Every structure is written in structure tokens, then in C-alpha cells.
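Now for the letters of each chain:
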Amino acid sequence: MNIPFSNLPRLVIIGGGFAGVALARKMVHEDVQLVLLDRQNYHTFQPLLYQVSTSSLEPDSIAYPLRKIVKRGKNTYFRMTEVTRIDPANKKVHTGIGSIEYDYLVIATGAKTNFFGNTNIEAKAMRMKSLPQALNLRSLMLENLEQAVITTDPQQKKQLLNFVIAGAGPTGVELAGGIAELKNNVLQRDYPDMDFSIMKVHLIEGASRVLPPMSEKASSKADKFLRDLGVNIHLNTQVTNYEDCIVSTNTGLTLETGTFVWSAGVTGAPPEGLKADALVPRANRYKVNRFNQIEGYEAIFALGDIALMETEEYPRGHPMVAQPAIQQGNHLVKNLKRHLNGKEMLPFKYLDKGSMATIGRNKAVVDLGKFRFGGFFAWFIWMFIHIWFLVGFRNRFVTLFNWVYNYINFDKASRLIIRPFKSKEVIDRV
């Protein structure tokens with residue numbers, strides 16, 4: 001791995017997501033040797049992946065080089081590799097490019113799409129947890145549109161113009177709204193010789209309302225916004241299979257589609273090597289104490305989606321979203337500094353800053369403490385928060401410019417098939 005020897009304690013961070021980046025940005029100037037490991041050489045701002053899929057943003061607008069984060073320190077290193085196993089007995093991390101010893105280890109590997117054991121859907125549905133997957137989805141949608149404009153088979157045209165999304169959480173709601181806005185504001189000008197009255201967007205949710213984690217008021221507003229955009233919502237419905245371009249459900253509803261997106265859940269993505277009882281099986285997340293230490297391991301910490309911290313307020317762990325990850329990363333900086341100085345660590349307490357989702361132009365919902373609101377003001381808050389938390393000035397500027405351009409011109413700037421999507425059987429698993 002070619003990491004030089006140092007007399008400083010070595011801090012190894014696995015994962016360059018929100019938690020890993022929050023920790024690394026503040027630890028680069030401390031008296032440690034910091035080594036950041038990730039399969040990609042960039043951090044992805046996942047809340048805006050759907051905008052890459054729906055052609056609102058280019059991928060480099062929401063990605064930031066991890067080397068630009070670690071280069072700010074004197075004893076900091078980045079290695080692009082996949083962790084294969086952790087060896088806690090010898091305090092080593094084994095990777096595809098070699099092994100590395102650690103004094104402190106932080107696991108921030110995040111989450112992956114949860115298919116709840118349905119291997120057929122896992123093999124054939126689209127997912128959207130990474131930039132390559134978002135680009136695959138964008139290419140598939142655009143390729144289907146190009147095919148639909150030339151086909152003379154009415155049944156095939158209907159299939160190509162049918163978009164089905166499973167899961168009406170924030171990702172599903174935002175993606176459905178994004179596709180509906182493409183249809184209403186952009187595609188009819190791009191394809192003037194195609195009848196878009198047959199294009200349908202279907203959103204399927206197993207619960208009794210969209211956005212189940214948010215308030216009923218937010219769900220109600222989001223439901224109205226989506227229906228106003230023309231989205232067909234199917235509640236109390238679960239997808240059971242996807243075969244031969246047909247989505248089957250437990251209610252008997254079947255939908256024929258060339259674009260089926262699964263956004264119905266996530267599960268932890270832990271590396272191998274730690275004791276089996278360190279994981280909570282139902283969530284595939286490490287059980288951690290109030291200091292984010294994995295139970296049974298004093299020098300190994302877990303942050304963000306991969307960490308399950310049971311508290312009175314959150315008996316099933318904190319929500320698997322960006323804010324808990326960022327706050328845990330920032331808090332661990334303080335605790336590592338205290339531990340290095342021989343002081344007692346302080347327990348973590350999560351500050352809920354609210355939740356939000358955007359449905360489209362001038363349409364968003366926000367739950368902020370006791371306040372519940374939607375519409376233009378909520379949409380403006382959503383934009384401000386997402387711009388603020390993007391990593392890097394360039395990304396903030398480019399994203400803001402694109403949003404302003406899209407807003408003024410009712411246009412999407414990135415309807416390009418840069419990397420053709422060959423087959424559902426070769427979905428990028430990154």
C-alpha cells in the first residue's frame with residue numbers, strides 16, 4: 001500500500017461518504033497519520049443523484065475528489081481500493097492492494113440497496129446509490145425515448161414510455177417528480193413528433209402514504225404535488241417480481257415497463273472480519289455505544305448508515321440519512337482528540353435538523369421541528385440546504401448555475417447519452 005512508517009498514531013478511515021469526509025476534513029491537521037480508503041476516488045453527494053438521473057446535473061457537479069480533502073494535511077494519505085477483511089486481532093485492514101495496520105479504525109462504509117431477498121428484482125431492476133448507477137439510469141431512460149420515437153409497434157412504444165418506481169421515500173418521490181417534470185416541460189419540445197399522452201410515471205409504495213418517515217401533512221402535500229404533475233401513485237402495494245419487462249405486485253396490479261427503478265429500502269454495507277454479534281442482523285449495521293465504538297472493540301468505530309446507536313429517542317438507531325453521519329463524524333473528531341490527550345470521551349447526541357423532499361419546480365415539503373410546510377418556501381429552503389452541504393465551492397457554483405438556468409429556461413442541460421446502457425444484466429454494482 002506504500003504508506004510510510006510514522007511515530008504518530010495511525011487513523012484509518014474506510015469510506016468517503018458523509019461521515020468519513022466529515023471526520024477526515026477535521027482530522028487532517030491533528031497529530032495523527034490519517035489514511036482514507038475508498039473504492040472510488042471521489043465523494044458523492046447522494047441526495048442529488050436523482051438530478052443526475054433526470055438530466056438536471058452532470059455527475060461532476062455532485063462529486064468531489066477525496067485527494068483534495070486529504071492533501072491539506074502533512075501526514076495524510078488516500079488509497080483507492082476495496083476493503084476485503086478486517087483483522088481486529090492484529091489491528092490490520094486487508095484490501096485489494098495490500099494490508100495496513102491501524103491504531104484507530106473508523107468504518108463509514110454507508111449503505112447499499114436492500115432488495116429484501118428478492119434476487120430476481122436485484123438482478124434486473126435499476127438502482128440509484130452511486131454515480132455510475134445514476135448515469136446508467138439516465139442513459140436507459142434516454143435510450144428508451146430514442147427507441148420509442150422510431151418504433152411503429154404501439155405496445156412497444158407504451159412499454160418504453162412507462163416508468164415505474166418502487167418505493168415512495170424521498171428518493172422515489174424526487175425521482176418520480178423529476179421524470180414527470182421532464183415529460184411536462186422538456187421532452188415534448190425535444191420530441192415534437194411523439195405523442196407523450198401515453199407516457200406514464202408510476203410510483204408504488206407499500207405503506208398507506210408517500211414519504212412514510214415524514215409527517216402526515218408533508219405526505220399529503222407531496223401526494224398532491226405528485227398527482228398534479230401527473231404521477232400515478234399506488235399505495236398499500238408491494239412489488240413482488242420483475243420479469244420480461246412486467247412489474248408484478250401483491251394487489252394484482254401489473255405494469256409493463258422498460259424502466260423499473262427500485263428505491264424501496266437500504267441496508268448496511270459492512271466489511272467482513274468482525275464478530276457476528278457486532279452486527280444487528282435485521283439492519284446489517286454495527287451496534288455501537290454512545291461514543292460510536294463498535295461493541296466489543298475499543299479502537300474500532302462505526303459512523304453513519306453502518307452504525308446503529310440505540311437510544312431512548314431512537315431505539316432502532318438514527319435515520320440512515322446524511323445528517324446523523326455528518327454529526328457523528330464531527331463528534332468523533334472531538335472524541336479522538338480527547339482520547340489522544342488521555343481524556344474521557346463524550347457521548348453523542350443527535351440534533352434532528354428536520355427532513356425534506358422536493359417534488360419539482362416550486363414544490364417541496366419540509367418537516368422542521370414542530371413546523372410543517374410545503375410549496376415555494378419549502379422548495380427554496382431545500383435548495384439552500386443542499387447548496388450549503390455540497391462539498392467544494394465549484395460544485396456549489398455549478399449546481400446553482402444549473403438550477404437557475406433550468407428555472408429560467410424550463411430546460412435540462414444534460415440530456416446526453418455519454419455512456420450507453422447495454423443491458424440490465426450488466427448493471428454497475430458500484
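The structure this text deals with has already been given above.
I will try to describe carefully the structure that is included in this document. For every chain, the first residue of the written sequence is number 1, and numbering continues from 1 along that sequence. With the structure being a predicted model, the display of local features is reserved for residues of pLDDT at least 70 and the display and counting of side-chain atom pairs for 80 or more, all residues being used for whole-chain, interface and lining totals. Note that water and hydrogens are dropped before the side-chain values are worked out from all heavy atoms of the structure.

1. A closer look at the packing of helix α1 (residues 18-27) against helix α9 (residues 322-340)
Between α1 and α9, the shortest axis-to-axis distance is 7 Å and the interhelical angle comes to 30 degrees. In terms of orientation, α1 and α9 fall into the roughly parallel class. The hand of the α1/α9 crossing is right-handed. Across the interface between the two elements, Phe-18, Ala-19, Ala-22, Leu-23, Lys-26 and Met-27 from α1 touch Ala-322, Ala-325, Ile-326, Gly-329, Asn-330, Leu-332, Val-333 and Leu-336 from α9. Throughout, an axis means a line fitted to C-alpha atoms (over the contacting stretch in the case of helices), and angles, computed between N-to-C directions, take values from 0 to 180 degrees. Under the scheme used here, helices are H or I runs from DSSP no shorter than 4 residues and strands are E runs no shorter than 2 residues, and both carry numbers assigned from the N terminus. Under this scheme an angle from 65 to 115 degrees is roughly perpendicular, one under 35 degrees roughly parallel, and one over 145 degrees roughly antiparallel; angles in between are oblique. Crossing handedness: left-handed means the near helix sits turned counterclockwise from the far one by under a right angle, and right-handed means the same turn made clockwise. In what follows, a contact means two residues having at least one pair of non-hydrogen atoms within 4.5 Å.

2. A look at the environment of Ala-276
Relative to the helices and strands, Ala-276 is located in the loop between β18 (266-268) and β19 (279-280). Residue Ala-276 is classed as exposed on the basis of its relative accessible area, which comes to 69%. As a C-alpha pair, Ala-276 and Tyr-286 span ten residues in sequence and 9.6 Å in three-dimensional space. Buried residues are those whose accessible area, probed at 1.4 Å on protein chains only, stays under 20% of the maximum for their type, while exposed residues exceed 50% and partly exposed ones sit between those limits.

3. Focus: the environment of Ser-55
Turning to its location among the elements, Ser-55 is positioned in the loop between α2 (49-53) and β4 (63-65). For Ser-55 and Leu-182, which are 127 residues apart along the polypeptide, the C-alpha to C-alpha distance reads 8.7 Å.

4. Some thoughts on the pairing of strand β9 (residues 104-107)
Here β9 shows two buried faces, one formed by Tyr-104 and Val-106 and the other by Leu-105 and Ile-107. Here the rule is simple: two strands pair whenever DSSP picks up at least two bridges between them. Sheet topology places β9 next to strand β21 (residues 300-302); three bridges connect them, and they run parallel. Along β21, the bridge assignment pairs Leu-105 with Ile-300.

5. Re the nonpolar core
Grouped together as the largest cluster of nonpolar side chains are 94 residues, with contacts concentrated most on Leu-23, Leu-48, Ile-62, Leu-203 and Val-365. The element that contributes the greatest number of residues to this core is helix α5 (residues 131-150), accounting for nine residues. Counting 27 residues, the second-largest nonpolar core is a separate cluster that includes Val-83, Ile-100, Phe-348 and Tyr-350. Take the buried Ala, Val, Leu, Ile, Met, Phe, Trp, Tyr and Cys residues and link them wherever side-chain atoms come within 4.5 Å; each set so joined is a nonpolar core.

6. Concerning the side chain of Ser-219
Mapped onto the elements of the fold, Ser-219 is located in helix α8 (residues 216-229). With a relative accessible area of 3%, Ser-219 lands in the buried category. Discounting chain neighbours no more than four positions away, the residues touching Ser-219 are Arg-209, Val-210, Leu-211 and Met-214.

7. Comments concerning the sheet that holds strand β15 (residues 246-249)
In space, the three strands of this open sheet follow the order β14-β15-β16, with antiparallel pairing throughout. The open sheet terminates on both sides in strands that have one partner only, identified here as β14 (239-243) and β16 (254-256). Ignoring strand direction, the axes of neighbouring strands in this sheet form an average angle of 15 degrees. One ladder, built from four bridges, connects β14 with β15; its direction is antiparallel. Considered in β15, the bridge of Glu-243 is made with Ile-246.

8. Some remarks on the sheet that holds strand β5 (residues 76-80)
Spatially, the five strands line up as an open sheet ordered β5-β2-β1-β9-β21, and their pairing is parallel. On the outer flanks of this sheet lie β5 and β21, each paired with one strand and no other. Direction aside, neighbouring strands of the sheet carry axes that sit 15 degrees apart on average. With five bridges connecting them, strand β1 (residues 10-14) and strand β2 (residues 33-38) associate as parallel partners. Bridging from a neighbouring strand, Ile-14 pairs with Leu-37 of β2. Contacting β1, β2 and β9, α1 crosses the sheet at an angle of about 155 degrees to β1.

9. Here we look at unusual backbone geometry
It is generally the case that most residues other than glycine have a negative phi and that most peptide bonds are trans. Phi is positive for Ser-55, close to 70 degrees, though the residue is something other than glycine. Judged by its relative accessible area of 2%, Ser-55 is buried. In the Ramachandran plot, Asp-244 falls in the positive-phi region, its phi being about 55 degrees despite a non-glycine side chain. Here Asp-244 is to be found in the loop between β14 and β15.

10. Quick look at the layout of surface pockets
Empty space within the second largest pocket amounts to approximately 280 Å³. At the level of secondary structure, the elements contributing two or more residues to the lining of the second largest pocket comprise α1, α9 and α10 (376-389). Looking at the lining of the second largest pocket element by element, the count peaks at five residues for α1. Residues that form the lining of the second largest pocket fall into these classes: eight nonpolar, two polar and three charged. A cavity, in this analysis, means grid points on a 1 Å lattice covering only the protein atoms where a 1.4 Å probe fits yet has no way out; a pocket is instead an open set bounded by protein on both sides within 12 Å along at least five of seven lines, and a residue lines either one if it has an atom within 4 Å of a point. Grid points are joined across faces, edges and corners, and a volume is the space filled by probe spheres set on the points. Put simply, Ala, Val, Leu, Ile, Met, Phe, Trp, Tyr, Cys and Pro go in the nonpolar bin, Asp, Glu, Lys and Arg in the charged bin, and everything else, Gly too, in the polar bin.

11. Re α5
The terminal C-alpha atoms of α5 lie 29 Å apart, and with 20 residues this matches the ideal 28 Å at 1.5 Å per residue to within 8%. Buried residues dominate α5, accounting for 15 of its 20 residues. Expected span of a helix: the number of residues minus one, times 1.5 Å.

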